[in-house]
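# A closer look at the structure
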Amino acid sequence: MIKKTLYFGNPAYLSLRNGQLVIKLPEVEKNIDIEALRAKLIKTIPIEDIGVVVLDNKEITITQALIAALLDNKVALITCDDKRMPTGLLLPLHGNTVFNERFRNQLDSSLPLRKQLWQQTVQCKIENQASVLEIYSDVSVKPLKVMANNVKSGDSDNFESQAAVYYWKNVFTDIPGFVRGRDGESPNHLLNYGYAILRAVVARSLVVSGLLPVMGIHHHNRYNAYCLADDIMEPYRPFVDKLIIEMRQKMDIPDDLTTDIKRELLAIPVLDVKIDGKRSPLMVAVAQTTASLAKCFNGEIRKIAYPMFP
């Protein structure tokens, strides 16, 4: 089942009642004696239908009971900063009945295995980057194809970085000298927001699969609690890039993210991808990816299930 992504960009009071997320708008408190208005301005959503919640307003109040219920149902809770960009991610401490066994398998995984898994990850990411360029650019994708075919265990030749240079140089052909960077020019702000949503989806799925997001197969940073999510999301990034390219083709992109733009980006969990030969919403595909990763750590298989473009 595809879980919903909820975005709250206006003041609201969020609470829990009978297993439902209850949404009250400020007008409810100001008009407590008007029952018709109360009914109109109070909405409920079943907790089990939710996958990601984005809180993007300083005047949102959320109860501890609701937070506990969301985490108990493996919901990723994202908070935003003063610039209304995702800045925090809250996940459950465990999300799988055999999490202790899977934690141990992950922690005991060998360095050669992790290097092989990173090799697969980089290969798939570069192949998907090549697919994006093939669709939206006139440049040759042969350099990316060659790099993907020559990635070694652990990506010892750093083809991921080399491919990124070629990819970002050519993906936004209408922006001469475009440089990908968190604080760079537009559409970097779209990429930042989109990748934050993607990261939350991946981190949530890792927890559901009984894995520790903090322990990456490649990324290692003592200040990063989601190193594994940053690893596993790499082959999915080009799907976000494709969405942003299409957004720029159909609408003007301002320097500040509007509600309409954020609404487009919140569709990332339901983007169409192909995995194991079948079309699938991105969120469902991510679940297959993280489940296959758990099996790799357990010694059942040696290959992660990653997405391709349909």
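Below or above, wherever it landed, is the structure these notes cover. Every value quoted in this text rests on a predicted model; they were computed, and no experiment measured them. Sequence order sets the numbering: in each chain, residues are counted from 1 along the sequence as written. Where local features are concerned, this predicted model is filtered to residues with pLDDT of at least 70; where side-chain atom pairs are given and counted, the filter is 80 or more; whole-chain, interface and lining totals use all residues. Side-chain metrics in this entry use all non-hydrogen atoms of the structure; hydrogen atoms and water are not considered.

## Points about the overall build of the protein chain
Helix numbers and strand numbers start at the N terminus; a helix is a DSSP run of H or I with at least 4 residues, a strand a run of E with at least 2. Looking only at helices and strands, the protein chain has 12 helices and 10 strands in total. Against the 2.2 N^0.38 benchmark of 19 Å for 310 residues, the protein chain shows a C-alpha radius of gyration of 20 Å, consistent with a compact globule. Once the C-alpha set of the protein chain is aligned to its principal axes, its extents read approximately 70 × 50 × 35 Å. Here, two residues are considered to be in contact whenever any of their heavy atoms come within 4.5 Å of each other. When contacts within the protein chain are restricted to residue pairs at least 6 apart in sequence, those whose partners lie at least 24 apart make up 64%. As a reference, a globule follows 2.2 Å times the number of residues to the power 0.38, and the radius of gyration itself is taken over C-alpha atoms.

## What to know about the nonpolar core
By size, the foremost hydrophobic cluster in this structure holds 77 residues, and its most contacted members are Ile126, Trp168, Phe172, Ile232, Leu282 and Leu293. No other element matches the 12 residues that helix α8 (residues 188–208) contributes to this core. Not counting residues up to four positions away in its chain, the partners in contact with Leu282 are Leu198, Val201, Tyr236, Phe239, Ile268, Pro269, Val270, Leu271 and Val273. Counting 18 residues, the second-largest nonpolar core is a separate cluster that includes Leu14, Ile23, Ile47 and Leu55. What makes a nonpolar core is a set of buried Ala, Val, Leu, Ile, Met, Phe, Trp, Tyr and Cys residues whose side-chain atoms join them at distances within 4.5 Å. The buried label applies to any residue whose accessible area, calculated with a 1.4 Å probe on protein chains only, is under 20% of its type's maximum; exposed applies above 50%, and partly exposed to all values in between.

## A few points about helix α10 (residues 237–250)
The terminal C-alpha atoms of α10, which comprises 14 residues, lie 21 Å apart, in line with the 20 Å expected from a rise of 1.5 Å per residue. Every buried residue of α10 is accounted for by Arg237, Pro238, Phe239, Val240, Asp241, Leu243, Ile244, Ile245 and Met247. Elements in contact with the buried residues of α10: α5 (111–136), α7 (159–171), α8, α11 (259–265), β9 (272–275) and α12 (282–298). The length a helix should cover is 1.5 Å for every residue beyond the first.

## Notes on unusual backbone geometry
In this structure, Pro187 follows Ser186 across a cis peptide bond, with omega equal to 10°. As for its position among the elements, Pro187 is in the loop between α7 and α8. Positive phi outside glycine occurs at Asp155, with the angle close to 50°. Position of Asp155 relative to the elements: it lies in the loop between α6 (142–149) and α7.

## Description of the packing of α5 against α7
The relative placement of two packed helices comes down to the angle between their axes together with the axis-to-axis distance. Lines are fitted to the C-alpha atoms to define the axes, a helix being fitted only along its stretch in contact, and any angle between axes, read from their N-to-C directions, falls within 0 to 180 degrees. The interhelical angle for the contact between α5 and α7, taken along N-to-C directions, is 15°, at an axis separation of 10 Å. Judged by the angle between their axes, α5 and α7 are roughly parallel. As α5 runs across α7, the sense of the crossing is left-handed. Contacts from Trp118, Val122, Lys125, Ile126, Gln129, Val132 and Leu133 of α5 reach α7 at Phe159, Glu160, Ala163, Tyr166, Tyr167, Asn170 and Val171. Side-chain classes follow a simple rule in which Ala, Val, Leu, Ile, Met, Phe, Trp, Tyr, Cys and Pro form the nonpolar group, Asp, Glu, Lys and Arg form the charged group, and the remainder, Gly included, forms the polar group. Per-class residue counts for the contact of α5 with α7 are 10 nonpolar, 2 polar and 2 charged. Note that the term roughly parallel is reserved for angles under 35 degrees, roughly antiparallel for angles over 145, roughly perpendicular for angles of 65 to 115, and oblique for everything else. Put simply, a crossing is left-handed when the front helix is turned counterclockwise from the back one by less than a right angle, and right-handed when it is turned clockwise.

## What to know about the sheet that holds strand β7 (residues 76–80)
As summarised here, the arrangement of the 4 strands in space is β1-β5-β7-β8, forming an open sheet in which the pairing is mixed. The open sheet has two free edges, formed respectively by β1 (4–8) and β8 (86–90), since each of these has just one partner strand. Neighbouring strand axes in the sheet, compared pairwise and without regard to direction, differ in orientation by 20° on average. Pairing geometry for β1 and strand β5 (residues 50–55), over 5 bridges, is parallel. Each residue of the ladder has a partner; that of Phe8, found in β5, is Leu55. Paired strands are those between which DSSP finds at least two bridges.

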